[in-house]
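# Reading the structure
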Amino acid sequence: MLSRNHLAVNKWTAKVNFLLLVAWLSLSFFGIHGQLDSLGFISIDCGYTKSPNYTDSETGITYVSDEGFTDYSGLIHTVNMSNMEPDLFPQWTRRYQALRFFPNGTRNCYTLRSLTPGGKYLVRAVFGYDNYDMRDGLVTFDLYLGVNYWTTVDILGRRGAAFTFEIIVESPANYLQVCLINTGSGTPFISGLDLRQFQANFYPDSNATQSLVLFGSFGLLAGLELSRYHFGTYYRDDIRYPDDRYDRIWQRYEDDPFLTTVPDIINGTVKNYPNDTYGAPSAVMRSVSTPVNDSEGMSVGRLSYPSIEGMESLAVLYVLYFTEVEILQEDEFREFNILLDDLPLVSAFRPEQMLTTVVAGTMGPSGPTENGVNIHSVYLEPTSNSKPPLISAMEIYWIRPVDGSATDSGDASAMMTIKTKYSVDRFWAGDPCLPVAYAWDGLNCTYNTTSGGLSRIIALYLSSSKLNGEIDPSFGKLTLLQHLDLSHNNLSGSIPNFFGQLPSLVFLDLSSNNLSGRIPTSLLQKSQNGWLTLRIDNNPNCFV
């Protein structure tokens with residue numbers, strides 16, 4: 001028989017276990033809906049509602065619904081897959097079965113949280129269009145990453161087409177926001193959104209002042225084919241996770257009659273240098289091409305695109321991957337020159353056996369043109385008596401400058417907390433102050449560089465906004481606030497002391513609420529000295 005002490009202990013243990021279970025479930029939920037998973041991924045299936053998540057059988061990646069990621073739910077459309085083109089990535093077919101569209105508001109955003117400020121991330125947005133809106137693909141809208149323009153999503157009249165856009169960025173804060181902007185040419189929509197975490201030193205050309213937009217996001221084939229390739233036919237299909245731990249999608253390079261596959265005779269793992277900054281997967285590096293004619297060089301990565309308004313100042317970055325997968329005889333060597341637009345990038349280059357070497361080169365913003373069309377290309381030229389050149393992989397990016405201005409992260413976080421806590425019924429999405437055309441209603445911001453290029457919130461007007469509960473400490477984190485109007489709400493509790501600590505506050509209206517208790521001495525003194533206009537009337541339970 002158990003004693004009373006044993007029974008008490010067992011009950012206490014059961015209660016603790018229950019609380020631990022609840023905590024674990026809560027953490028699991030927020031891990032799914034608010035931050036990176038164990039792979040360093042966020043994988044969102046927009047419009048998916050059947051269950052909290054599912055695991056893709058091809059990749060093993062777990063996808064979650066977009067609940068909790070977007071401020072406003074938009075509307076869900078179930079896609080008629082018979083209207084979609086049949087050559088979609090097979091592992092993405094499930095992802096295109098629904099989409100979310102946003103008929104209300106100019107700017108609607110997804111927020112990807114729990115990131116590392118200064119961390120390096122790949123962001124991928126996918127769009128599958130089945131003519132759900134009966135516009136026959138005449139749909140165009142803009143995509144922003146935070147306050148910075150990313151690309152224009154133009155469906156180009158393509159019913160059933162799938163569009164993919166990628167960008168590599170350094171996160172300025174502990175979150176990133178992907179925003180869909182209604183430009184008046186159709187309703188913005190989205191099928192999926194991914195974030196992949198890189199090591200902080202990866203892709204050094206992506207930094208605090210510029211991001212890398214994977215080529216294919218502009219021009220006549222916008223979003224239909226992205227310029228990240230593996231060569232050869234060792235892998236005949238696209239290569240992605242788990243072969244690439246960062247889930248980059250490497251498409252097989254186009255069939256080229258002048259190229260042939262180098263046999264992977266060694267059949268081993270291609271390694272990377274300890275100070276490597278690209279993390280090329282072995283599967284990509286082992287798939288290698290070389291010219292059909294041993295005495296000739298090879299031309300790859302030819303770009304041909306018309307001049308695009310706003311793109312004239314953007315440079316193009318080529319990232320080229322090489323390794324030797326053959327066993328060379330004592331009297332053999334492989335050596336070649338790497339030329340970008342016929343200009344030498346590297347001379348007498350020799351790839352190392354089963355070891356990745358990455359060569360990156362920038363061209364433009366101006367470059368060769370033919371009949372008004374921009375032309376770029378890479379040429380691998382063998383030196384005398386050398387075996388023919390080879391290449392494993394290639395990526396091509398636009399280099400897009402990053403606008404250094406944004407809302408101060410402290411101010412932005414405070415506003416997000418206020419919006420969430422009080423369920424503010426306004427279309428507040430994205431950065432509070434920028435771009436100016438999409439600034440939040442009810443705010444005044446500074447737009448100068450006196451605070452390091454960051455905009456600051458100096459006025460907040462929330463009169464008659466149905467605010468309930470106590471005054472949140474987040475208001476006190478708007479440290480440059482000059483005017484604050486919280487009148488005609490249902491705020492309760494005491495008036496916080498932190499209002500008296502805001503150095504720039506000159507106007508505070510708390511009238512017509514249910515506040516109670518003593519008015520802080522610091523506020524009364526500032527009001528009596530003429531430094532602050534203080535309105536607290538119609539709060540019957542407040543006193544001096």
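Residues numbered from 1 in each chain as written. Predicted model: local features only at pLDDT ≥ 70, side-chain atom pairs only at ≥ 80, totals over all residues. Heavy atoms only, no water.

Now for the environment of Asp 237. Relative to the helices and strands, Asp 237 resides in the loop between strand 15 (228–230) and strand 16 (251–252). Taking relative accessible area as the criterion, Asp 237 reaches 59% and is therefore assigned exposed. With 16 residues separating them in the primary sequence, Asp 237 and Tyr 253 have C-alpha atoms 9.8 Å apart. Not counting residues up to four positions away in its chain, the partners in contact with Asp 237 are His 230 and Trp 250. (Helix = DSSP H or I, 4+ residues; strand = E, 2+ residues; numbered from the N terminus. Buried < 20%, exposed > 50% of the residue type's maximum accessible area, 1.4 Å probe, protein only. Contact = heavy atoms within 4.5 Å.)

The next point concerns the sheet that holds strand 33 (residues 490–493). Pairing is parallel in the open sheet, where four strands are placed in the order 31-33-35-37. On the outer flanks of this sheet lie strand 31 (468–470) and strand 37 (541–543), each paired with one strand and no other. Across the sheet, the mean angle separating the axes of adjacent strands is 30 degrees when strand polarity is ignored. Sheet analysis places strand 35 (residues 514–518) next to strand 37, joined by three bridges and oriented parallel. (Pairing = 2+ DSSP bridges. Axes fitted to C-alpha atoms, helices over the stretch in contact; angles between N-to-C directions.)

Now for the nonpolar core. Membership of the largest hydrophobic core comes to 65 residues, with the highest contact counts inside it found for Phe 127 and Trp 150. Those residues within four positions of Phe 127 in sequence are excluded, and the remaining contacts are Tyr 96, Phe 141, Leu 143, Val 153, Ala 161, Ala 162, Phe 163, Phe 165, Phe 189, Ile 190 and Ser 191. The next biggest cluster of nonpolar side chains, apart from the first, holds 44 residues, and it includes Ala 414, Cys 433, Leu 481 and Leu 505. (Core = buried A, V, L, I, M, F, W, Y, C linked by side-chain atoms within 4.5 Å.)

A few words now on the packing of aromatic side chains. Each aromatic ring pair is specified by the distance between its two centres and by the angle formed by the two planes. Under the counting rule described, the total for this entry stands at 31 aromatic pairs. Relative to Trp 398, the ring of Phe 215 has its centre 5.3 Å away and its plane inclined at 25 degrees; by these criteria the two rings are stacked. Of the two residues, Phe 215 is situated in the loop between strand 14 (210–214) and strand 15 and Trp 398 in strand 26 (residues 393–401); the sequence distance between them amounts to 183 residues. Looking at Trp 398, the relative accessible area reads 1%, which means it is buried. Taken together through their ring pairs, the aromatic side chains of Phe 198, Phe 202, Tyr 203, Tyr 246, Trp 250, Tyr 278, Tyr 321 and Tyr 397 make up a single cluster. Arg 228 extends its terminal NZ or CZ atom over the ring of Trp 250, reaching a point 5.9 Å from the ring centre. A cation sits over an aromatic face here: Lys 421 above Tyr 422, 5.7 Å from the ring centre. (Phe/Tyr/Trp six-rings, centres within 6.5 Å; stacked < 30°, edge-to-face > 60°. Lys NZ or Arg CZ within 6 Å of the ring centre and 35° of its normal.)

Inspection of the entire model under this criterion finds two disulfides. Note that Cys 433 is cross-linked by a disulfide to Cys 445, the S-S spacing being 2.1 Å. Its S-S torsion of approximately -75 degrees makes the covalent link between Cys 433 and Cys 445 left-handed. Of this pair, Cys 433 sits in the loop between helix 3 (409–422) and strand 28 (443–445) while Cys 445 sits in strand 28, placing them twelve residues apart in sequence. There is no split in this pair, since Cys 433 and Cys 445 are both buried. If you count the bonded cysteines of the chain from the N-terminus, they pair up as 1-2, 3-4. (Disulfide = S-S within 2.5 Å.)

Cis geometry marks the peptide bond from Tyr 241 to Pro 242, where omega comes out at 10 degrees. Mapped onto the secondary structure, Pro 242 falls in the loop between strand 15 and strand 16. The step from Leu 434 to Pro 435 runs through a cis peptide bond, and the omega angle for that step is -15 degrees. Tracing the sequence through the fold places Pro 435 in the loop between helix 3 and strand 28. Unusually for a residue other than glycine, Ser 464 sits at a positive phi of about 55 degrees. If you trace the backbone, Ser 464 turns up in the loop between strand 30 (457–461) and strand 31. Among the residues examined, Ser 464 registers a relative accessible area of 52% and is labelled exposed. Of note in this structure, Ser 512 is not a glycine but carries a positive phi near 60 degrees. The topology assignment puts Ser 512 in the loop between strand 34 (507–509) and strand 35.

Among the structural elements, Thr 111 can be located in strand 6 (residues 107–112). Looking at Thr 111, its side chain comes within polar contact range of the side chain of Gln 177, at 3.0 Å. If sequence neighbours within four positions are ignored, Thr 111 has contacts with Phe 69, Tyr 175, Leu 176 and Gln 177. (Polar contact = N/O pair within 3.5 Å; in protein donor to acceptor, adjacent residues only side chain to side chain.)

Another aspect to go through is the sheet that holds strand 30. Taking strand neighbours across the sheet as the criterion, the five strands line up as 28-30-32-34-36 in an open arrangement whose pairing is mixed. Only two strands of the sheet have a single partner each, and these edge strands are strand 28 and strand 36 (533–535). The sheet shows a mean angle of 10 degrees between the axes of neighbouring strands, taken without regard to direction. Bridging between strand 32 (residues 483–485) and strand 34 involves three bridges; their strand directions are parallel. Bridge pairing in strand 34 links Asp 485 to Asp 509.

One pass over the full model with this rule turns up 22 salt bridges. Across the pair Asp 244 and Arg 248 runs a salt bridge, and its minimum N-O distance is 2.9 Å. Arg 252 is the salt-bridge partner of Asp 255, the closest N and O atoms lying 3.1 Å from each other. Judged by its relative accessible area of 63%, Asp 255 falls in the exposed class. What makes Arg 252 partly exposed here is its relative accessible area of 25%. Residues participating in the shared-partner salt-bridge network are Arg 95, Arg 124, Glu 166, Asp 194, Arg 196, Arg 228, Arg 240, Asp 247 and Glu 395. (Salt bridge = Lys/Arg side-chain N within 4 Å of Asp/Glu carboxyl O.)

Our next topic: the environment of Asp 136. Position of Asp 136 relative to the elements: it lies in the loop between strand 7 (120–128) and strand 8 (140–145). Taking relative accessible area as the criterion, Asp 136 reaches 36% and is therefore assigned partly exposed. On a C-alpha basis, the gap between Asp 136 and Arg 159 in space is 6.3 Å, while along the polypeptide they are 23 residues apart. If we ignore the near neighbours within four places in the chain, the residues touching Asp 136 are Tyr 129, Asn 131, Gly 157 and Arg 159. One polar contact links Asp 136 to Arg 159, side chain to side chain, over a distance of 2.3 Å.

Turning next to helix 4 (residues 521–528). Turning to helix 4, its buried residues are Leu 523, Leu 524 and Lys 526. Axial view of helix 4: buried residues confined to an arc of 165 degrees, hence all on one face. Next to the buried residues of helix 4 lie strand 34 and strand 36. Of the residues trailing helix 4, Gly 530 is marked for its positive phi of about 80 degrees. (Arc of directions from axis to C-beta.)

Read these as geometric descriptors, not functional statements.
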